[in-house]
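What the coordinates show
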Amino acid sequence: MKSILVLLNLFITSILTAQHQPNLDVKRIKAEVTINDTLRRISAEVSIYFHIKSAVDSVFFDAQNFKSVNSNQFKFSYNSEKIIFYHHFKPNKSYKIDVSYQAKPKQTLYFTGKLGDTEFPLQIWTQGQGKYTSHWLPSLDDMRDKIEFDLTYTLPSQYKLVSNGNLKRKSKNVNLTTWEFDMQKPMSSYLVAFAAGNFVEETQNSNSGISIYNYLPAQDSLDFKSTFIYTQDIFNFLEQKIGVSYPWQNYKQIGVRDFLYAGMENTSCTIFSDEFITDSIAKNDSDFVNVEAHELAHQWFGNLVTETSAKHHWLHEGFATYFSYLAQEHLFGTPYFEHQLFSTAESLKLRSDQGKGQRLFNPNANSLTFYEKGAWALHALRNRVGDKVFFEAISQYLVNNAYKSVETDDFLAEVQSLTQVNLAQFKQDWLLQKSFPAEEAQLILTKSSFIEQLFELKALRGLPVSEKQKQLKEALLSKHIDYFGPEVALQLTSDKNLINNELLQLALETKHLKTRQVLIKNISKIPRQLQLSFEELLKDESYITREHALLKLWLNFPKKRSFYLKQTKGQDGNIHLNMKLLHLMLSALNNPDNAYQPVRGLVNYTVPEMPYQIKRQAFVYLFQLNYFDEESLVNLSEDLNHPVWRYRTFVKQLFSEIIKDKTIKASINQLMNNGKIKNVSKLKDLLKK
Ligand SMILES: [Zn+2]
């Protein structure tokens, strides 16, 4: 999984509570799931095939908040968390149990958008990690039980559906279509997934002959090429670098609305956030390569070989992060890779110096630790044992533990079998110690002359621009402009009072996208002499640059406000409409007498079916305009239950802010009294505070 927020660790605690049944070995779960898109619920018939190792009197399957649970073979009970079957189960014997049920899950299975809507039609998808697949499918929350899932879904025919494994059969019966998937290898329950919606498909092939299917919402079908630029390259590279054939039947990637994280590596079926769906301009602002390579690497690290518990979570995230960095090195060169390691070492050292370093073995560690310190541990290990041993050990570890669960020592044993280097010391330094071994990291990094130069450039941060003109100029003309340019732009704009026109002009003239972006993001006062050069930024191949340019130019040059608005009229910007929304807000400010139309435009972007990123920005602008009518307040209140945690937090914070205004508070009370606001209990808590 890849979280958008760096310090997200919500799902770890839930993993710890799963219960393991050592005498039960579930071999296969075959499910026929019927999806009701109108009532937003499912019903299912499931067959569970299992083997008993030693005699037991009962077995259970996790199943959260199901209704109408039924089974005929054995006596059973259901306590809203587990279905328990009572029987004298004999050792070394195989059994099959059939269960039927209904479920309307509050988590794990999500319905987003609006049924029948043309712009944002309903999408249905799952997120199993940290959320429990058992909220919609009886399964085992414990990661150690690996099961072959063969899943069949029936739903209205307008949907395209993808799930784990191979699509074996698709059949239509009146208005319903049945999609039958087949898996051949076992996996942990948290990796079960499906996604359904108005999707279109594009197929590619890896060098090894694996089919790769990419899916986008139909209205984004023009974005295949710019979104999946590197897919084949990444796939071929990882398969070759890891040295073990891709372990599943095929690979699918599907972009969905309102996804909870950046991406999730469900076995052979990665789901990712639609913010990574990009056109030929938005791709320049996107970090999808990182997400794409990360989730694909998990198909080996996590899905093929799985941690026994969260204590060993770096075996998933550290490995996926590191192999994603290696894929990016392959695509963009070694300086890119070194720069990534340099940036994460900076963050890790900072936390460590603040006394906030964490052990990699801490099951509750944050994602900076699991992902970045984990990746760094692998890089340091590679440096200590050498490339040959390192990569041989990686493939040996995967081969010897395929479709099994492992602990960190299983990995270290594979490395130790190939080297004389003392790995006990490595374990102490990198896995058991809280602080970040910054000296070792620096020694590794400064082997590169490019990183040495970057260190020197960053060391100039404290000096006034007048004392470092020569060095900044050289950096702007260097071949490493990709990395030095943004740093120079940052230093040029950090001194708000002393603007150096000559260097600013030079930075703009590099035509380097990220350098220009950092300039416009950070500058507050644009020198009049450079007005024309800054106006050019409205045409840069980046929607983020254009957005910041429009705002800064509008603020700096009041006489030309109408001109700038005219020039950018009709531009949507990225998939979440960054240009259009800003344009509406500035139009409202520009002409207060005619503000009604643009303000209504913003309110229209707060309706429930809208992607949360659009709603959030529309609400931010309405807040800046201090405009909250009945409709926007009702819409905002609906989102107190939104499944995306960070957006839900934003909604609560916004409510806490706007109720300081007495008129708005009175409107909210009135809307609660007349029943237009339904989330009354949550709002009352906020009003009390
Ligand atoms: Zn991950």
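Worth saying up front: this structure is predicted, and the values here are computed from it rather than measured. (Residues numbered from 1 in each chain as written. Predicted model: local features only at pLDDT ≥ 70, side-chain atom pairs only at ≥ 80, totals over all residues. Heavy atoms only, no water.)

1. Focus: the packing of helix 5 (residues 314–332) against helix 7 (residues 367–385)
Closest axis-to-axis distance for the helix 5/helix 7 pair is 7 Å, and the angle between their directions is 70°. When the interaxial angle is binned, helix 5 and helix 7 end up roughly perpendicular. Helix 5 and helix 7 meet at a crossing whose hand is right-handed. Here helix 5 contributes W314, E317, G318, F319, T321, Y322, Y325 and L326 to the contact with helix 7, which in turn contributes F370, Y371, E372, G374, A375, A377, L378, H379 and R382. (Axes fitted to C-alpha atoms, helices over the stretch in contact; angles between N-to-C directions. Helix = DSSP H or I, 4+ residues; strand = E, 2+ residues; numbered from the N terminus. Parallel < 35°, antiparallel > 145°, perpendicular 65-115°, else oblique. Left-handed = near helix turned anticlockwise from the far one by under 90°. Contact = heavy atoms within 4.5 Å.)

2. What about the environment of V389?
Tracing the sequence through the fold places V389 in helix 8 (residues 387–400). A relative accessible area of 15% means that V389 is categorised as buried. Taking the C-alpha atoms as reference points, V389 and T177, 212 residues apart in sequence, are found 51 Å from one another. Residues in contact with V389, not counting those within four places in the same chain, are V415, L418 and T419. (Buried < 20%, exposed > 50% of the residue type's maximum accessible area, 1.4 Å probe, protein only.)

3. A word on unusual backbone geometry
Backbone geometry places S68, a non-glycine residue, at a positive phi of 50°. Looking at where S68 falls in the secondary structure, it is placed in strand 4 (residues 67–70).

4. Overview of the sheet that holds strand 14 (residues 194–197)
Reading across the sheet, the four strands line up as 8-9-14-11 and stay open at both edges, with antiparallel pairing between neighbours. Strands with a single pairing partner mark the edges of an open sheet, and in this sheet they are strand 8 (109–112) and strand 11 (160–163). Taken pair by pair, the neighbouring strands of this sheet meet at an average axis angle of 10°, ignoring direction. (Pairing = 2+ DSSP bridges.)

5. Focus: the nonpolar core
Counting 214 residues, the largest nonpolar core has F50, W314 and F411 as the members making the most contacts within it. Once residues within four sequence positions are removed from consideration, F50 is found in contact with L24, D25, V26, K27, V59, F61, F89, K93, S94, Y95 and I97. Counting residues in hydrophobic clusters, the runner-up holds nine residues, among them L216, I277, F288 and V291. (Core = buried A, V, L, I, M, F, W, Y, C linked by side-chain atoms within 4.5 Å.)

6. Observations concerning the environment of F650
Mapping F650 onto the fold places it in helix 24 (residues 645–658). Residue classification places F650 among the buried positions, given a relative accessible area of 15%. Considered as a pair, F650 and R257 are 393 residues apart in the sequence and their alpha carbons are 18 Å apart.

7. Digging into the coordination of the zinc ion
For the zinc ion, the full set of protein donor atoms is M1 (N), M1 (O), H294 (NE2), H298 (NE2) and E317 (OE), at a range of 2.0 to 2.4 Å. Each donor residue of the zinc ion lies on the same chain, and together they follow the pattern M-x292-H-x3-H-x18-E. Placement of M1 in the segment before helix 1 (10–16) and of H298 in helix 4 (residues 288–298) is noted, with a sequence separation of 297 residues between them. The class for M1 is buried, based on a relative accessible area of 1%. (Donors = N, O, S within 2.8 Å, 3.2 Å for Na, K, Ca; no water.)

8. What about the packing of helix 19 (residues 561–568) against helix 20 (residues 578–590)?
Look at helix 19 against helix 20: their axes get within 11 Å of each other, and the N-to-C directions meet at 150°. Classified by the angle between their axes, helix 19 and helix 20 sit roughly antiparallel to one another. The element helix 19 and its partner helix 20 pack so that their crossing is left-handed. Contact residues: helix 19 offers R561, S562, L565 and T568, while helix 20 offers M579, H583, L586, S587 and N590. Classifying every residue of the contact of helix 19 with helix 20 gives three nonpolar, five polar and one charged. (Nonpolar A, V, L, I, M, F, W, Y, C, P; charged D, E, K, R; others polar.)

9. Some words on the confidence of the model for the chain
For the chain, the average pLDDT comes to 95, and 98% of its residues sit at 70 or higher. Across the predicted assembly, pTM comes out at 0.96 and ipTM at 0.99. (pLDDT = per-residue confidence, 0-100.)

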